[in-house]
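Analysis of the macromolecular model
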Amino acid sequence: MKKGILFSLLCCMALVAFTQDTPVPDPYRPAAEKINDLVHTKLDVSFDYAKAWMPAKAWITLQPHFYPTDSLRLDAKGMEIKSVALVNGNKTEALKYAYDGMNLRIQLNKTYQKNEKYTVYIDYIAKPNEVKVKGSAAINDAKGLYFINPQGTEKDKPTQIWTQGETEATSVWCPTIDRPNQKTTEEISMRVPDKYVTLSNGLLVKQQKNNDGTRTDYWKMDMPHAPYLFFMGVGDYAIVKDSYNGKEVSYYVEKQYEPVARKIFGNTPEMMAFFSRITGIEYPWQKYAQITGRDYVSGAMENTTATLHQESAQQDARELVDGNRWEDVIAHELFHHWFGDLVTAESWSNLTVNESFADFSETLWNEYKYGKDAGDATNYNGMQAYLNNPDNYTKDLVRFHYADKEDMFDAVSYSKGGTILNMLRNYLGDSAFFNGLNVYLTTNRFKAAEAHQLRLALEQVSGRDLNWFFNQWYFGAGHPKLDISYQYDDAAGKVKVILQQTQESGQTFQLPMAIDVYENGKKTRYRVTLENKLDSFVFNYKKRPDLVNVDADKVITSERNDSKTMEQYAFQYKEAGNYVDRREAIEFAAGQQNNVVALDILRTALRDKYHGLRQLTLEKLDMKNAVVRTAMEKTITDLAGNDPKAVVKAKAIELLGEYQKPEYLAIFQKGVKDSSYSVAGASLQALSVLDKDAALAICKQLIGQPLKAKLIGPVATIAAINGLDDALPAVLNSFKGMGISQEKLDLLQPVAILLARSKDVAAVKNGVDEIVTFRDGIPKAYQAQLAPFINDMVLQGIMNAKMKDGSKELADYIKAKKESAKGF
């Protein structure tokens, strides 16, 4: 499961913590007791689009796990149970049962012994819209089966059906033992309108057209997997086919995205080859398909052989010029097919063996495909996502105490866990680490596992005890805060490196690390281990070192205060070389932009080999500082015209616009025609300062074209400033089509201005509804922070304007929408 975009962004924001005077301790959460084991699940389903129901029949084969049993409990949420029977050859025998709306308790016909299989038959109707269940920060709803625009009443929205099983929502549409430590093979027959295609786990074995305009598709999954990974998808999709090693690889997209489907998903076969190679386990499943879903409740989901992505995965050709924003998600979900699907967390407490690995895969893929800087940048961003929210610091990675299983889907299980795996890889070395992963996957293939089994596999291969590492990072909370200082004694030819752990928790971390000493053009590496709150290490030198670089590989998940000088950071930028080394130098220099050495660092960084650091440097420039503006103008101009990366070029154009010089008009006029939305948007914004009439004329032309990504913001802003009310329908349509993202949050202000000005009652209500839909779709963990802003600033501003205009009907309408947010 990949978190939604806003989840990832908001992990970088400190959240307000609300605590009770006497907090109630969270209960212990053991792995689910296994009384009966699932063996095979067979479903025959159809869909009632008018009612959003799923009439179905299920044949579920089970056996006692160990002890004899004469009863069976199945999860079955919100269903209408019509009959329950035991299958005996071609006959069925009715069974007694009790159903409370969540649990189906069945009295079997006898006591069954270990390894004695039996099959129960259940005739039922799934009614997902009548189920009340809780979502999480990563999954904002949990009703399992979703009918999207089932009767086609919503213009410009396709009719679709898709399912979302994680954490325990498959049992909304399929009676099962809905626990991650269960595994079962599966077959599903789906009766659907003949105009639609279907997707499920495993292979499509047979299709049969029926006399009523429907078709029955039969999907078979003959490898065991957990119930939360079951999937059904139905809709009007284009299917673009690829292949890997003789297996079908396919991409299900809405038909307008068929021409660019390979540009979005086309790296998938190469990813499959890469992940197969590094794990030593060839992609283990029959096929691999990816499908998009409208109104999806999360980022993406690794349903076995049938990954589901939110609609934001679909990008047009111009969006892709700026870079494929979904590539990391594609890697994340694919790697789950080893870590999560092949070997599954035996409980949600051990979610790390699923999600931390998937998060880590993003680092691995970027490093392999785009170079070490890209991999290091991915790891760094993950570390910051964890560090920037203090609420994360008290949570163990493996957590046996939590309020709700959905609470496990946080930046600790994802981001911190991914960086911990990167540390472990660095400590063991690639060969031992990846061979250890192979042992873990091979030993636990088609089984459920926990973090201890990962430790044992890595110990088996490396020969090293790792209890200290797992106790510290997996079964402990927090991270080290390092204060780093240096004492040079030129007379003695010694430098003392002093490292103090200052974290408030009182815990002392054991930290193996490399320290690089740069002396007279030569780098010497020393391996040391921090074991105390205060440690010091002495290194000899003949000439005072240009740099002593602590944690030289920059892999330790930590906060640090390093007392290097500006000159040492300048040397670090040029000679140490790692992404984080260079980033640290840029950020230190950005804090002292009147310093000549700092300006030299920043000027050099504008030409950095990695586009992410060029963009970072542009973002850090203090354009109010006249010295900076003068020193950087020539380089910014060159980047605005020539940088090979569209996002860097766009940022340079944005800064160039601040000079407000007519000689740059040609750059902006050219930029508004660029194929990149980012470049076009930045150019339009810059042009609006120098030539408002020209920008407004272009804005009017753009209203009839697709407005996406970085272009919609400038268009909406220019329209709002200039009273271009005709832009409102196009802006609202684009706003509606955006996923939950930072870009959508940024767009609220110009949208609100346009709505405040508009006299069109229907349009204003529609716009307010879209803002409220956005507000209510924000993951619940973050609504407490963002909902008040949306209510008290955005909606209140529109309401005030309507009250001033005398539009009482609209003011009352907005007030009611505001009040609907109470309780967030």
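Each chain carries its own residue numbering, running from 1 in the direction its sequence is written. Local features in this predicted model are restricted to residues whose pLDDT is 70 or higher, and side-chain atom pairs enter the listing and the counts only when it is 80 or higher, whereas totals over whole chains, interfaces and linings include all residues. Here the side-chain values reflect all heavy atoms present in the structure, with hydrogen atoms and water set aside.

Considering the overall build of the protein chain
Helix and strand assignments follow DSSP, with helices taken as H or I runs no shorter than four residues and strands as E runs no shorter than two, numbered in order from the N terminus. A count of helical and extended segments in the protein chain gives 27 helices and 29 strands. Only C-alpha atoms enter the radius of gyration; for comparison, a globular chain is expected to reach 2.2 Å times N to the power 0.38, where N is the number of residues. Computed over the C-alpha atoms, the radius of gyration of the protein chain is 29 Å, within 12% of the 28 Å expected from 2.2 N^0.38 for a compact globule of 824 residues. Burial here depends on accessible area, computed with a 1.4 Å probe over protein chains only, as a share of the maximum for the residue type. Under 20% is buried, over 50% is exposed, and the range in between is partly exposed. Every one of the 824 residues in the protein chain was classed for burial, and the buried ones make up 58%. Contact between two residues is taken to exist if any of their heavy atoms lie within 4.5 Å; hydrogens are not considered. Long-range pairs, those at least 24 residues apart, make up 68% of the contacts in the protein chain with a sequence separation of at least 6. In the structure as shown, the protein chain presents an accessible area of about 33,200 Å², 48% of it carried by carbon and sulfur atoms. The method behind every accessible area is Shrake-Rupley, applied with a 1.4 Å probe, and residues are considered shielded solely by the protein chains displayed.

As for the pairing of strand S13 (residues 203-209)
Relative to strand S14 (residues 214-225), S13 is paired through six bridges, and the arrangement is antiparallel. Looking at the pairing, Gln 208 lines up with Thr 216 of S14. Any two strands between which DSSP finds at least two bridges are classified as paired. Between S13 and S14, which pair antiparallel one after the other, the connecting turn spans four residues, and Gly 213 there sits at a positive phi close to 85 degrees.

Remarks on the environment of Asp 407
With respect to the helices and strands, the residue Asp 407 is situated in the loop between helix H7 (372-387) and helix H8 (412-428). Taking the relative accessible area as the measure of exposure, Asp 407 reaches 32% and is therefore partly exposed. As a C-alpha pair, Asp 407 and Gly 506 span 99 residues in sequence and 25 Å in three-dimensional space.

Thoughts on the pattern of salt bridges
Only one rule defines a salt bridge in this text: a Lys or Arg side-chain nitrogen within 4 Å of an Asp or Glu carboxyl oxygen. Tallying each qualifying case throughout the model produces 51 salt bridges. Note that Lys 651 is salt-bridged to Glu 654, the shortest N-O span being 3.0 Å. Within this pair, Lys 651 and its partner Glu 654 are both found in helix H17 (residues 646-657), separated by three residues, close to a single helical turn. Look at Lys 651 and you get buried, because its relative accessible area is 16%. The class for Glu 654 is partly exposed, based on a relative accessible area of 40%.

Brief notes about the nonpolar core
We call a set of buried residues a nonpolar core when its members are Ala, Val, Leu, Ile, Met, Phe, Trp, Tyr or Cys and they connect through side-chain atoms within 4.5 Å of each other. Leu 618, Leu 621, Ile 636, Leu 684 and Ile 771 are the most contacted members of the largest nonpolar core, which has 93 residues in total. In terms of nonpolar packing, the next biggest core, distinct from the first, is built from 90 residues, Trp 285, Leu 397, Trp 473 and Phe 537 among them.

Points about the packing of helix H3 (residues 268-279) against helix H6 (residues 352-370)
Two elements in contact, H3 and H6, have axes whose closest approach is 11 Å; the angle formed by their N-to-C orientations is 110 degrees. Here H3 is positioned roughly perpendicular relative to H6, judged by the angle of their axes. Counting all contacts with H3, which are made through Glu 270, Met 271, Phe 274, Phe 275, Arg 277 and Ile 278, the residues of H6 involved are Ser 361, Leu 364, Trp 365, Tyr 368 and Lys 369. Tallied by class, the residues present in the contact of H3 with H6 amount to seven nonpolar, one polar and three charged. Under this scheme, a helix contributes an axis fitted over its contacting stretch, all axes are lines through C-alpha atoms, and angles between N-to-C directions fall in the 0 to 180 degree range. Note on angle classes: values under 35 degrees are labelled roughly parallel, values over 145 roughly antiparallel, values of 65 to 115 roughly perpendicular, and the remainder oblique. All amino acids are sorted into three groups, where Ala, Val, Leu, Ile, Met, Phe, Trp, Tyr, Cys and Pro are nonpolar, Asp, Glu, Lys and Arg are charged, and the leftover types, Gly among them, are polar.

A closer look at the pairing of strand S2 (residues 54-64)
Both faces of the sheet carry side chains from a regular strand, because those side chains alternate between them. With eight of eleven residues buried, S2 lies mostly within the body of the structure. Two elements, strand S1 (residues 36-46) and S2, share nine bridges in a ladder whose sense is antiparallel. Bridging across to S2, Asp 37 finds its partner in Gln 63.

Observations regarding the side chain of Asp 553
Following the sequence through the fold, Asp 553 ends up in the loop between strand S28 (547-550) and strand S29 (559-562). Of the polar contacts made by the side chain of Asp 553, one reaches the side chain of Arg 525; its length is 3.2 Å. Not counting residues up to four positions away in its chain, the partners in contact with Asp 553 are Asn 426, Ala 514, Arg 525, Arg 527 and Asn 578. N or O atoms closer than or at 3.5 Å make up a polar contact, with two conditions inside protein: a donor-capable atom paired with an acceptor-capable one, and, for residues adjacent in sequence, both atoms drawn from side chains.

A closer look at the sheet that holds S2
Strand order in this open sheet of eight strands is S5-S4-S8-S2-S1-S11-S14-S13, and the pairing throughout is mixed. The two strands at the open ends of the sheet, each matched to only one other strand, are strand S5 (91-94) and S13. Averaged over all adjacent pairs, the angle separating strand axes in this sheet is 25 degrees, with direction ignored.

Concerning helix H5 (residues 327-335)
Counting buried residues in H5 gives eight out of nine residues, a clear majority hidden from the surface. Turning to H5, its buried residues number three or more, namely Glu 327, Val 329, Ile 330, Ala 331, His 332, Glu 333, Leu 334 and Phe 335.

Details of helix H14 (residues 596-605)
All buried positions along H14 are accounted for by Ala 598, Leu 599, Ile 601, Leu 602 and Ala 605. Taken down its axis, H14 places every buried residue within 155 degrees of arc, on the same side. Those residues of H14 hidden inside the fold are in contact with helix H12 (566-576), helix H13 (579-590), helix H15 (611-620) and helix H16 (626-642). Working definition: the arc comes from the directions between the helix axis and the C-beta atoms, pointing outward to the latter.

Details of the packing of aromatic side chains
Pairing of aromatic rings covers Phe, Tyr and Trp, the last counted by its six-membered ring, and requires centre-to-centre distances within 6.5 Å; plane angles under 30 degrees mean stacked, over 60 mean edge-to-face, and any other angle means tilted. In this structure the tally under the stated criterion is 43 aromatic pairs. Between Phe 47 and Phe 147 the ring centres are 6.2 Å apart and the planes differ by 75 degrees, which places this aromatic pair in the edge-to-face class. Here Phe 147 lies in strand S9 (residues 145-148) and Phe 47 lies in the loop between S1 and S2, a separation of 100 residues in the sequence. An identical accessibility class is assigned to Phe 47 and Phe 147; each is buried. Between the aromatic rings of Phe 66 and Tyr 67, the centroid separation amounts to 5.0 Å while the plane-to-plane angle is 85 degrees, which identifies the pairing as edge-to-face.

Considerations on unusual backbone geometry
Residue Thr 167 follows Glu 166 across a cis peptide bond; omega there is 10 degrees. Secondary-structure assignment places Thr 167 in the loop between strand S10 (160-163) and strand S11 (184-193). The backbone of Asn 115 shows a phi angle near 70 degrees, a positive value even though the residue is not glycine. On the basis of relative accessible area, Asn 115 is assigned to the exposed category, the value being 54%.

Quick word on the sheet that holds S28
Hydrogen bonds between backbone atoms are what pair the strands of a sheet, whose relative direction is either parallel or antiparallel. Here three strands make up an open sheet; going across it, the order is S26-S25-S28 and the pairing antiparallel. Pairing within the sheet leaves two strands with one partner each, and these edge strands are strand S26 (522-530) and S28. Neighbour-to-neighbour, the strand axes of the sheet open up by a mean angle of 20 degrees, direction not taken into account. Pairing of strand S25 (residues 511-519) with S26, which is carried by nine bridges, proceeds in the antiparallel orientation. The residue bridging Val 517 from the neighbouring strand is Thr 524, located in S26.

Let's talk about the confidence of the model for the protein chain
Per residue, pLDDT measures the predictor's confidence, with a range of 0 to 100. Looking at the protein chain as a whole, the pLDDT averages 94, with 96% of positions reaching at least 70. Every residue in residues 9-21 scores below 50 in pLDDT, and together they form 24 contacts with partners more than four places removed in sequence or on other chains.

Topic: the packing of H12 against H14
Closest axis-to-axis distance for the H12/H14 pair is 9 Å, and the angle between their directions is 15 degrees. Taken together, the axis directions place H12 and H14 in an arrangement best described as roughly parallel. As for the relative orientation of H12 and H14, their crossing is left-handed in sense. Facing Met 566, Glu 567, Tyr 569, Ala 570, Tyr 573 and Lys 574 of H12, the residues of H14 in contact are Val 597, Ala 598, Asp 600, Ile 601, Thr 604 and Ala 605. A class-by-class count of the residues in the contact of H12 with H14 yields eight nonpolar, one polar and three charged. Handedness of a helix crossing follows the sense of rotation of the near helix relative to the far helix, less than a right angle counterclockwise being left-handed and clockwise being right-handed.

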